[in-house]
Amino acid sequence: MKFQKSLFSKSSTLVSIALLAVSSAASAAGAHAGGHGDSPIGKPGVASKVSRTIDVEMANGMRFKPSEIQVKKGETIRFVLKNTDSVKHEFSLGTEKELLEHYEVMKKFPDMEHDEPNKISLAPGKRGEIIWQFTQADVVNFACLHPGHFDAGMKGQVKVAAK
């Protein structure tokens, strides 16, 4: 009986360590499952409030087309994303700091899946969308955070004008 109890304790300890590691990685990524609420980059948008739609291509050569987007404070944008490349790409909105932190996590966990309103991963040939409201005049960055893509220049900016 002691052997079984000891084995259970070791298993519990290993599970606790694994959960702590995953939790730490998620925290470093910026509240992975929780989304952003109303942050410096804005907040998840409501489909019925979309001001306009902007098509963004995830293209060959590790580029977004367009890589610079102009919006106004308060606008809710539907980003329609299409991956026209032959590799998987991601569109992730965030501050420069958030994106760099998340990029470091993606390097360690390259197959990470996202369930956040400001991120989408698309396989080659696939389409998807993000609806986002820009609540502050500033610059909001976006990037593909798959290992190597960000370093190759797959990034851009949304310039949010005061109105």
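Preceding this section is the structure that the text describes.
Residues numbered from 1 in each chain as written. Predicted model: local features only at pLDDT ≥ 70, side-chain atom pairs only at ≥ 80, totals over all residues. Heavy atoms only, no water.

Some thoughts on the environment of tryptophan 132
Piece 1. Structurally, the position occupied by tryptophan 132 is in strand β8 (residues 127–133).
Piece 2. For tryptophan 132, a relative accessible area of 0% translates into the label buried.
Piece 3. In this structure the C-alpha to C-alpha distance between tryptophan 132 and threonine 76, which are 56 residues apart in sequence, comes to 5.5 Å.
Piece 4. Among the polar contacts made by the side chain of tryptophan 132, one reaches the main-chain carbonyl oxygen of isoleucine 41 at a distance of 2.8 Å. (Helix = DSSP H or I, 4+ residues; strand = E, 2+ residues; numbered from the N terminus. Buried < 20%, exposed > 50% of the residue type's maximum accessible area, 1.4 Å probe, protein only. Polar contact = N/O pair within 3.5 Å; in protein donor to acceptor, adjacent residues only side chain to side chain.)

Describing the sheet that holds strand β5 (residues 76–83)
Piece 1. Taken together, five strands build an open sheet; the order of strands is β1-β8-β5-β2-β3 and the sheet is mixed. The open sheet has two edge strands with one neighbour each: β1 (43–44) and β3 (63–65).
Piece 2. Relative to β5, strand β2 (residues 52–59) runs parallel, the two being bridged by seven bridges. Directly across from valine 56, in β5, lies its bridge partner leucine 81. (Pairing = 2+ DSSP bridges.)

Overview of the nonpolar core
Piece 1. Formed by 23 residues in total, the largest nonpolar core has its most connected members in Phe79, Leu81, Phe91, Leu93, Phe134 and Val158.
Piece 2. When contributions to this core are tallied by element, the ones reaching two or more residues are β2, β4 (68–72), β5, β6 (89–94), β7 (119–122), β8, β9 (138–143) and β10 (155–161).
Piece 3. Core analysis: the second largest hydrophobic core is formed by eight residues, Leu99, Tyr103, Met106 and Met112 among them. (Core = buried A, V, L, I, M, F, W, Y, C linked by side-chain atoms within 4.5 Å.)

Some thoughts on the pattern of salt bridges
Piece 1. Applying the stated rule across the entire model yields seven salt bridges.
Piece 2. The partner of glutamate 75 in a salt bridge is arginine 52, and the shortest N-O contact between them spans 2.8 Å. On the criterion of sequence distance, the pair formed by glutamate 75 in the loop between β4 and β5 and arginine 52 in strand β2 is long-range, its members being 23 residues apart.
Piece 3. On the basis of relative accessible area, glutamate 75 is assigned to the buried category, the value being 13%.
Piece 4. Using a relative accessible area of 32% as the deciding quantity, one classes arginine 52 as partly exposed.
Piece 5. Across the pair glutamate 68 and lysine 159 runs a salt bridge, and its minimum N-O distance is 3.4 Å. With a gap of 91 residues between them, glutamate 68 in strand β4 and lysine 159 in strand β10 connect regions that are remote in the sequence. (Salt bridge = Lys/Arg side-chain N within 4 Å of Asp/Glu carboxyl O.)

The analysis is restricted to geometry; functional conclusions fall outside its scope.
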